[in-house]
Amino acid sequence: MKDRGAKKPPKFAKGKLLRASQLNALADAIHGRAVPGIQAIDPLRVQGKLTAALPAATAFDSDAATASFQVWRKNTSGVPVAAETITVVNRFLFIDLPDNTICKAEWIDGEWQIYAADCGAE
């Protein structure tokens, strides 16, 4: 896994005008690490809907269930549209979700896990 804290932003004197290369170096340093409350890196939370049913896990630690999940991102008009498909993991033992359920997923311990779901399928 990439060490996001390894890149340090360059130091600049207060009031100094920056060249384009210096601005790019600063932007690269900021983009390369997580900032609490700001998703300057790839989003750690996504929303969308299941494209397949997501069954309950049979064991939390060794037999999690998986399903395809269509991520929605807003287009230039602000309307959510399908952007990509990812695999989500369900480690809940007593929760299963039907196909087309609108959900939110979060990146936890190297996998996309559902953390919120609508009560009924679309």
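Residues numbered from 1 in each chain as written. Predicted model: local features only at pLDDT ≥ 70, side-chain atom pairs only at ≥ 80, totals over all residues. Heavy atoms only, no water.

Trainee: Describe the pattern of salt bridges, naming the residues involved and giving the relevant values.
Mentor: Counted by the stated rule, this structure contains 3 salt bridges. Put simply, Glu84 and Arg73 hold a salt bridge, and the shortest N to O gap is 2.8 Å. Taken as a pair, Glu84 in strand 3 (residues 80-90) and Arg73 in strand 2 (residues 65-74) lie far apart in primary sequence, 11 residues in all. Taking the relative accessible area as the measure of exposure, Arg73 reaches 34% and is therefore partly exposed. Among the salt bridges present, the one from Arg91 reaches Glu111, with a minimum N-O distance of 2.6 Å. Separated by 20 residues along the polypeptide, Arg91 in the loop between strand 3 and strand 4 (102-108) and Glu111 in strand 5 (residues 111-117) bring together distant segments of the chain. Relative accessible area serves as the criterion here: at 21%, Arg91 is assigned to the partly exposed category. The buried category is assigned to Glu111, whose relative accessible area is 15%. (Salt bridge = Lys/Arg side-chain N within 4 Å of Asp/Glu carboxyl O. Helix = DSSP H or I, 4+ residues; strand = E, 2+ residues; numbered from the N terminus. Buried < 20%, exposed > 50% of the residue type's maximum accessible area, 1.4 Å probe, protein only.)

Trainee: Go over the nonpolar core with me, naming the residues and quoting the values.
Mentor: Counting 14 residues, the largest nonpolar core has Val46, Leu50, Leu54, Phe69, Ile86, Val88 and Ile114 as the members making the most contacts within it. When residues of this core are traced back to their parent elements, those giving at least two are strand 1 (45-50), strand 2, strand 3, strand 4 and strand 5. When residues of this core are assigned to their parent elements, the largest contribution, 4 residues, is made by strand 2. Residue contacts for Val88: discarding those within four places in its chain leaves Leu50, Leu54, Ala65, Thr66, Ala67, Phe69, Ala105, Trp112 and Ile114. (Core = buried A, V, L, I, M, F, W, Y, C linked by side-chain atoms within 4.5 Å. Contact = heavy atoms within 4.5 Å.)

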